[in-house]
Amino acid sequence: MTWHVEVDEHTCIGSGMCAALMPEVFVLEGAVAQTAVPDVEADETVLDAADSCPAMAITVTDGGREIGPRP
């Protein structure tokens, strides 16, 4: 199962929380984070990264259904 991960570059404040949790998925490019790979194997840590984003700039989807950040 793979999940799709996106970072909204207009919402991201570049805190680096996501890159600290999953450097293999998120990278800081200048003042904002980006995904190093947009499609990843299902991993709870990806959801943790989306949940910990202070700007709520990360979206994780599974087959088009949004699963992160969690409420």
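Residues numbered from 1 in each chain as written. Predicted model: local features only at pLDDT ≥ 70, side-chain atom pairs only at ≥ 80, totals over all residues. Heavy atoms only, no water.

Participant: Kindly report on the sheet that holds strand E4 (residues 39-41), identifying the contributing residues and their values.
Facilitator: Think of a sheet as strands paired side by side through backbone hydrogen bonds, with each pair either parallel or antiparallel. Read from one edge of the open sheet, four strands run E4-E1-E5-E6, paired in antiparallel fashion. At either end of the open sheet lies a strand with only one pairing partner, and these are E4 and strand E6 (65-68). Strand-to-strand twist in this sheet, taken as the mean axis angle between neighbours without regard to direction, amounts to 40°. As defined by bridge partners, strand E5 (residues 58-62) adjoins E6 across three bridges and the pair is classed as antiparallel. Each bridged residue has a counterpart across the sheet, and for Thr61 the counterpart in E6 is Glu66. Sheet strands touched by helix H2 (residues 44-52): strand E1 (2-7), E4, E5 and E6. Its angle to E5, the strand with the most contacts, is close to 145°. (Pairing = 2+ DSSP bridges. Helix = DSSP H or I, 4+ residues; strand = E, 2+ residues; numbered from the N terminus. Axes fitted to C-alpha atoms, helices over the stretch in contact; angles between N-to-C directions. Contact = heavy atoms within 4.5 Å.)

Participant: Summarise the environment of Glu44; cite the residues concerned and give the values.
Facilitator: Of note, Glu44 is situated in helix H2. By relative accessible area, Glu44 is classed as partly exposed at 45%. In this structure, the C-alpha to C-alpha distance between Glu44 and Ala19, residues 25 residues apart in sequence, is 15 Å. Once you skip the residues sitting within four places of it in the chain, Glu44 turns out to touch Trp3 and Arg70. At 2.4 Å, the side chain of Glu44 and the side chain of Arg70 are in polar contact. (Buried < 20%, exposed > 50% of the residue type's maximum accessible area, 1.4 Å probe, protein only. Polar contact = N/O pair within 3.5 Å; in protein donor to acceptor, adjacent residues only side chain to side chain.)

Participant: Outline the pattern of salt bridges, supporting the account with residue identities and numerical values.
Facilitator: Evaluation of the coordinates by the stated rule reveals three salt bridges. The shortest N-O distance in the salt bridge between Arg70 and Asp48 comes to 2.8 Å. Here the residue Arg70 occupies a position in the segment after E6, and Asp48 occupies one in helix H2, the gap between them amounting to 22 residues. Classification of Arg70 by relative accessible area gives partly exposed; the value is 30%. Owing to a relative accessible area of 33%, Asp48 belongs among the partly exposed residues under this scheme. The salt bridge involving Asp51 is made with Arg70; its shortest N-O contact spans 2.5 Å. Taken together, the residues Asp51 in helix H2 and Arg70 in the segment after E6 connect sequence positions 19 residues apart. (Salt bridge = Lys/Arg side-chain N within 4 Å of Asp/Glu carboxyl O.)

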